[in-house]
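# Architecture at a glance
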Amino acid sequence: MLPLVLISAVALFTALCYKYIIYPGFISPFSKVPKAHFSVPLTSLWIKWKRPEGTNAIPTLLEAHRKHGPIVRLSPDELSVASLDGLRQVYTGGFEKSQEYADEFINYGTPNLVSMVQNRPHSIQKRMISHVYSKSSIHNSVDLQTLSKILLFERMFPALQSAVQGDKIVDAYGLSQALGVDFVTAFLFGIDNGTDYIRDIVARRKFMTNYWAKKDGVDTERTTEELEAYVLSLCHAAETVSEQSPTSRPVVHAQLSSQLSKSAVPPQQRDLAVASEMMDHISASIDTTTVTMTYIEWELSQNLGLQSALRKELRSLPSPLLHSLNSGKGEQIEQKLPDPKELDALPLLNAVLKEVLRVYPPSAALLDRVTPPGGAVIEGYDIPGGITVGTSAKIMHLNEKVFSNAESFKPERWLSDGSEQSVNRIKQMNRWFWSFGSGGRMCIGNHFAIHMLKTIVAAIYTNYETTIVADEGIEPEDAFVALPVGRKLVLKLNPVDEGT
Ligand code: HEM
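Residues numbered from 1 in each chain as written. Predicted model: local features only at pLDDT ≥ 70, side-chain atom pairs only at ≥ 80, totals over all residues. Heavy atoms only, no water.

Heads up, the condition is: UniProt positions are given in the numbering used here, feature names are shortened, and annotations may be inferred rather than shown by experiment.
The chain is annotated in an unreviewed UniProt entry as Putative cytochrome P450 monooxygenase of Hyaloscypha variabilis. Recorded in UniProt under Cofactor (unreviewed entry), the annotation for the chain is "heme".

## Section: the overall build of the chain
Filter applied, for reference: Only DSSP runs of H or I covering at least 4 residues are called helices, and only runs of E covering at least 2 are called strands; the numbering of each starts at the N terminus. In this description the radius of gyration comes from C-alpha coordinates, and the expected globular size is given by 2.2 Å times residues to the power 0.38. Burial status follows relative accessibility: with a 1.4 Å probe on protein chains alone, a residue under 20% of its type maximum counts as buried, one over 50% as exposed, and anything between as partly exposed. By definition, residues are in contact when any of their heavy atoms lie within 4.5 Å. Using the Shrake-Rupley algorithm and a 1.4 Å probe, accessible areas are obtained, with residue cover drawn only from the displayed protein chains. Within this scheme the basic residues Lys and Arg register as positive and the acidic residues Asp and Glu register as negative, but His and the chain ends are omitted. Taken as the charge location is NZ of Lys, CZ of Arg, CG of Asp or CD of Glu.
In terms of regular secondary structure, the chain is built from 19 helices and 10 strands. Against the 2.2 N^0.38 benchmark of 23 Å for 500 residues, the chain shows a C-alpha radius of gyration of 25 Å, consistent with a compact globule. For the chain, the spread of C-alpha atoms along the three principal axes comes to 105 × 55 × 40 Å. Looking at the chain as a whole, 53% of its 500 residues qualify as buried. Sequence-distant contacts in the chain: of pairs separated by 6 or more residues, those separated by 24 or more amount to 72%. For the chain, the exposed area adds up to about 22300 Å²; of that, 57% sits on carbon and sulfur atoms. Put simply, the chain has 49 plus and 54 minus side-chain charges, and the middle of one group is 5 Å from the middle of the other.

## Observations concerning the site of the ligand
Inclusion rule: What makes a residue near a molecule or strand is one non-hydrogen atom of that residue sitting within 4 Å of it. Whenever a nitrogen or oxygen atom comes within 3.5 Å of another N or O atom, the pair is scored as a polar contact, on the condition that within protein one atom can donate a hydrogen and the other can accept it, and that pairs from neighbouring residues in sequence are kept only if both atoms are in side chains. In the scheme used here, Gly and all other residues not listed as nonpolar or charged are polar, with Ala, Val, Leu, Ile, Met, Phe, Trp, Tyr, Cys and Pro taken as nonpolar and Asp, Glu, Lys and Arg as charged.
The full set close to the ligand counts 30 residues, and Tyr101, His122, Lys126, Arg369 and Cys443 are the nearest of them. With respect to the ligand, the side chain of histidine 122 contributes an N or O atom lying 2.6 Å from an oxygen atom. For the shell around the ligand, the secondary-structure elements that each account for two or more residues are helix 6 (119-129), helix 13 (267-301) and helix 19 (446-463). Looking at the shell around the ligand, its residues break down into 15 nonpolar, 10 polar and 5 charged.

## Side note on the sheet that holds strand 1 (residues 71-75)
Across a sheet, strands are paired by hydrogen bonds formed along the backbone, either parallel or antiparallel in direction. Going by this rule: Strands pair, by our definition, only if DSSP identifies at least two bridges between them. Interaxial angles span 0 to 180 degrees and are taken between N-to-C directions of axes, which are lines fitted to C-alpha atoms, for helices over the stretch in contact.
Taken together, 5 strands build an open sheet; the order of strands is 1-2-8-5-3 and the sheet is mixed. Of all the strands in the sheet, the pair left with one neighbour each is strand 1 and strand 3 (96-97). Contacting strand 2 (78-81), strand 5 (369-370) and strand 8 (388-390), helix 4 (residues 84-91) crosses the sheet at an angle of about 130° to strand 8.

## Quick look at the pairing of strand 2
Residues of strand 2 alternate between two faces, with Glu78 and Ser80 on one and Leu79 and Val81 on the opposite face, all of them buried. Where strand 1 meets strand 2, 4 bridges bridge the pair, whose relative direction is antiparallel. Note that in strand 2 the partner of arginine 73 across the bridge is leucine 79. Linking strand 1 back to strand 2 in an antiparallel pair, the connection comprises 2 residues. Judged from the 3 bridges that link them, strand 2 and strand 8 form a sheet pairing that is parallel. Paired with leucine 79 across the two strands is valine 389, which belongs to strand 8.

## Observations concerning the packing of aromatic side chains
Cut-off, in case you're wondering: Two aromatic rings from Phe, Tyr or Trp, using only the six-membered ring of Trp, form a pair when their centres are within 6.5 Å; if the ring planes differ by under 30 degrees the pair is stacked, by over 60 it is edge-to-face, and anything between is tilted. By definition here, charges over rings are those cases where NZ of Lys or CZ of Arg is within 6 Å of the ring centre and within 35 degrees of the ring normal.
Counted according to the given criterion, the structure contains 15 aromatic pairs. Taking 5.3 Å as the distance between ring centres and 55° as the angle between the ring planes, the aromatic pair formed by phenylalanine 153 and phenylalanine 157 counts as tilted. Here the residue phenylalanine 153 and the residue phenylalanine 157 both occupy positions in helix 8 (residues 142-165), the gap between them amounting to 4 residues, near one helical turn. Taken individually, phenylalanine 153 and phenylalanine 157 each receive the classification buried, so the pair is uniform in this respect. Between tyrosine 197 and phenylalanine 207, the ring centres sit 5.5 Å apart and the planes meet at 45°, which makes this aromatic pair tilted. A residue pair is termed long-range when its members are at least 10 positions apart, and tyrosine 197 in the loop between helix 9 (172-189) and helix 10 (201-216) and phenylalanine 207 in helix 10 qualify at 10 residues. Taken individually, tyrosine 197 and phenylalanine 207 each receive the classification buried, so the pair is uniform in this respect. Through a chain of ring-to-ring contacts, three or more aromatic side chains come together here, namely Tyr197, Phe207, Tyr211, Trp212 and Tyr230. For the cation-ring pair, lysine 354 lies above phenylalanine 433, with the distance from its terminal atom to the ring centre recorded as 4.8 Å.

## A look at the UniProt feature "binding site: heme" (unreviewed entry) in the chain
Per the UniProt record, "binding site: heme" (unreviewed entry) is found at Cys443. One can find cysteine 443 in the loop between helix 18 (420-432) and helix 19.

## What about helix 18?
Note that an α-helix has 3.6 residues per turn; residues three or four places apart therefore point the same way. Which entries qualify depends on this criterion: One fewer than the residue count of a helix, multiplied by 1.5 Å, yields its expected span. By arc we mean the arc of the directions from the helix axis to the C-beta atoms, nothing more.
Relative to the 18 Å expected for 13 residues at 1.5 Å per residue, helix 18 spans 19 Å between its end C-alpha atoms, a close match to the ideal helical length. The complete set of buried residues in helix 18 reads Ser422, Ile426, Met429 and Trp432. For helix 18, the arc enclosing every buried residue in end-on projection is 115°, short of the 170-degree limit, so these residues lie on one face. Contacts made by the buried residues of helix 18 are with helix 4 and helix 17 (393-397).

## Some words on a nonpolar patch on the surface
Quick note on the threshold: Residues enter patches when their relative accessible area tops 30% and they take part in no salt bridge; the joining distance is 9 Å for like charges and 5 Å for the nonpolar side chains Val, Leu, Ile, Met, Phe, Trp and Tyr. Salt bridge, as applied in this entry: a Lys or Arg side-chain nitrogen positioned within 4 Å of an Asp or Glu carboxyl oxygen.
Together, Leu12, Leu16, Tyr18, Tyr20, Ile21, Ile22, Tyr23, Phe26, Ile27 and Leu42 make up a nonpolar patch on the protein surface, roughly 980 Å² of accessible area in all. Examined against the element boundaries, leucine 12 turns out to sit in helix 1 (residues 2-27).

## Digging into the sheet that holds strand 4 (residues 169-171)
Here we have 3 strands laid out as an open sheet, ordered 4-10-9, and antiparallel in their pairing. Strands at the two margins of the open sheet, each flanked by one partner only, are strand 4 and strand 9 (464-470). Taken pair by pair, the neighbouring strands of this sheet meet at an average axis angle of 40°, ignoring direction. Relative to strand 10 (residues 490-495), strand 9 runs antiparallel, the two being bridged by 6 bridges. Bridge pairing links tyrosine 464 to proline 495 in strand 10.

Shown next, in the form of structure tokens:
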């Protein structure tokens, strides 16, 4: 009797070992994928240990990719991919988002572009608004030019000028945050209904406190309620703006409302569907703009030669973004903005922005997708269905074979000398540049963001020279959005005379 029990126990033990250890660890096709650590086919303990307190372990993953190549297994059900082929398969291959997006980014209990897991409803909603964010719409938008002029000439320049008349010190981090919210809310709701956080610092701090508490899961119910009520009030105000508004129209709000009214979404659900999408765009703009503006200013403030070359280029525009109070002679200069296409064509401005987005990608974490039920072949490996797979822009951007001396900030790498070799080199870097993602889920606001950031940089650096006063904790956080750890950049501002 005893040997029979023993034999059965040994057989059961062997079968379990085979099923849970030997097959997944050594025999299955999936087991052939290079492993970041020997334990990853069996347990997710290693990657959890590498990701304390919600961090992403991007430095660890970078090391693993440098050692093992473009595909690395991180746990029994997670992969990291860093190659052009991988991007094509995962992000343009119709893989859906992971459930975490639905849980984390939903507003008003109603889905929006970021939180929609399934591709079909997502692409229907995206088509409704993608037109207003297209490059040609952004470059030709009278509303965007109108609101930019008001935000810069009536709000930002007076704030900078009063700093210059005082101790010349500017909270550049806080101003970047304010610009990120004010620009996007003006485009969503019209300038009269948008926020005014450039001037109203108390309101900005209150909003940001709620925004961060919601993101960090602190006092979520109250902060979510306050934020949602506030954004809903902006939506209701936008509904009252007439088409002939002398300032600016609620471009995105109006577009989505009108498209939803022609759709199958029941009228009683439209209000919240629009509000959820608007909140989504505000969240997508705040931190990404803050990160990018902060690092542009930080890099430029350390390199006065680069600043001066950029200023020369900005002042070479047919209509440079000069600020009258800066003339030094007291006379008024006509308040006008450069032509968006001419601004966009400036090579050095483009190179500085591109290099900041490369070295400091705001969304540096793995952007997770899930392999379809039937599985997929990625980088030549058979991957079963239901596996989470992601790519990090930061890892893509630190590939030494594509970006020589990849960790260094070198805007000149994006400047062409016209030779075939440099044209091809830049083409190749562009293929690997992934700050806005790619495929059907690529950032809808990329042209808006690029235009806004170039306009703000032109406004500041045509008129002022900046140097660093305080930048403790400037290094990027290893988080979903890579804000500076210290949330701080204080600059000294010096007006630069027109002739300089
Ligand atoms: C430097 C600025 C920005 C960067 C680096 C950036 C980056 C990204 C990235 C990487 C994604 C893809 C996320 C994923 O695949 O999971 C994304 C999506 C998105 N972004 Fe941006 N973003 C920026 C600015 C903006 C702005 C200003 C807006 C709003 C006007 C915006 C709205 C969105 C929306 C709505 C999505 C979801 C798109 C979709 O699922 O189809 N972003 N962004």
